[in-house]
Amino acid sequence: PPGSVDGTLRVTEQGEMLQALFGFPDIAVRTMEVYTTGTLEAWLTPVPAGLDPWRACMDRVAADARDGYRRIVYDDPRFIDYFHASTPESEIGQMNIGSRPARRSGGTSVAGLRAIPWQFAWTQTRLMLGAWLGVEEALDRAAPRGEGELLRTMYREWPHFQSAIDLIEMVLAKADRRIAAEYDRRLVPLHLQPLGEELRGRLARAVQGVRAITGHEDLLEATPVIRRSIDVRNPYVDPLNLVQVELLRRMRAHPDDRVHTALMVTVNGIAAGMRNTG
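The shown structure was predicted, so the numbers you read here are calculated from the model rather than taken from an experiment.

### Structural notes on the overall build of the protein
- Looking only at helices and strands, one finds 14 helices and 0 strands in the protein.
- Across the protein, helices and strands are ordered from the amino to the carboxyl terminus as α-α-α-α-α-α-α-α-α-α-α-α-α-α.
- A compact globule built from 278 residues should have a C-alpha radius of gyration of about 19 Å, and the protein, at 20 Å, falls within 12% of that.
- By principal-axis analysis of the C-alpha atoms, the protein measures approximately 60 × 50 × 40 Å.

### Regarding the packing of aromatic side chains
- Throughout the structure, instances matching the rule amount to 10 aromatic pairs.
- Ring centres 6.5 Å apart and planes at 25° place the aromatic pair Tyr 82 and Trp 122 in the stacked group. Separated by 40 residues along the polypeptide, Tyr 82 in helix 4 (residues 79-86) and Trp 122 in helix 6 (residues 115-125) bring together distant segments of the chain.
- Tyr 82 gets classed as buried once you look at its relative accessible area, which sits at 2%.

### Focus on helix 14 (residues 257-274)
- Its 18 residues place the ends of helix 14 26 Å apart at the C-alpha level, agreeing with the 26 Å of an ideal helix rising 1.5 Å per residue.
- Listed as buried for helix 14 are Val 259, His 260, Leu 263, Thr 266, Val 267, Ile 270, Ala 271, Gly 273 and Met 274. For helix 14, the angular spread of buried residues about the axis comes to 165°, placing them on one side. Exposed and facing more than 90 degrees away from the buried side of helix 14 are Asp 257, Arg 258, Val 265 and Ala 272.

### With respect to the environment of Asp 52
- Of note, Asp 52 is situated in helix 3 (residues 51-73).
- Sequence separation between Asp 52 and Val 259 is 207 residues, and the spatial gap between their C-alpha atoms is 56 Å.

### Details of the environment of Thr 45
- Structurally, Thr 45 is set in the loop between helix 2 (25-44) and helix 3.
- Looking at Thr 45, its side chain comes within polar contact range of the main-chain oxygen of Glu 41, at 2.5 Å.

Rules and cut-offs
- Residues numbered from 1 in each chain as written.
- Predicted model: local features only at pLDDT ≥ 70, side-chain atom pairs only at ≥ 80, totals over all residues.
- Heavy atoms only, no water.
- Helix = DSSP H or I, 4+ residues; strand = E, 2+ residues; numbered from the N terminus.
- Rg over C-alpha atoms; globule rule 2.2 N^0.38 Å.
- Phe/Tyr/Trp six-rings, centres within 6.5 Å; stacked < 30°, edge-to-face > 60°.
- Buried < 20%, exposed > 50% of the residue type's maximum accessible area, 1.4 Å probe, protein only.
- Expected span 1.5 Å × (residues − 1).
- Arc of directions from axis to C-beta.
- Polar contact = N/O pair within 3.5 Å; in protein donor to acceptor, adjacent residues only side chain to side chain.

Next comes the structure, spelled out in structure tokens:
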């Protein structure tokens, strides 16, 4: 927030990120450059005008996004069954790949699931649901209120809002409706598949809404390095997704230690390729 940075910044990184950010001298220097320039920019950039109207608009957008998210995740009776069928969440919970249990308590509800396995499961299927769900509804509702131009101004002039939208744009660029649809086709019972179709439609609306705010014809066109990084990794990750779908089908039909081991390999491979694991 404006005024909160006075020339210094304290950063906490997760343990598994230390190698990625500081494991090689050139990358470590680049990481420190990012920290330094970010700190200087936040410290020296003048406070933007119009913050109060922007914050009021942000509150409305946030409330609409929360309502849209809860309507699917908590209020749709099909959602829990769809979540368990379409993602490897249950199988991930049985793997020794996390520092803590996937759930805080027993049961199958979303409320007992920790945040990391929740995001991790949707990342594996490439739907990335937990990162964008609700955005599409919030932006759809903002347009009839005449707030489209206001949101575009906020994106251009308010670093906080720009950062939020840019992060959502990055996740949307990693999502893949075709891959997510394949998980549904092979793993989800027919009576639950309409929910998957609805969610993929919401994903398309989120992409359209974010592009309308940023003015980008293509996602991440303003950050070609990230766009290129995703494009380079996808040809390696896509086949892993298709293999994982088949392994999940086999595992659920006839549990087998060899299939379980192969499934763990795909989980780790997709996580490494997507880079947003939770």
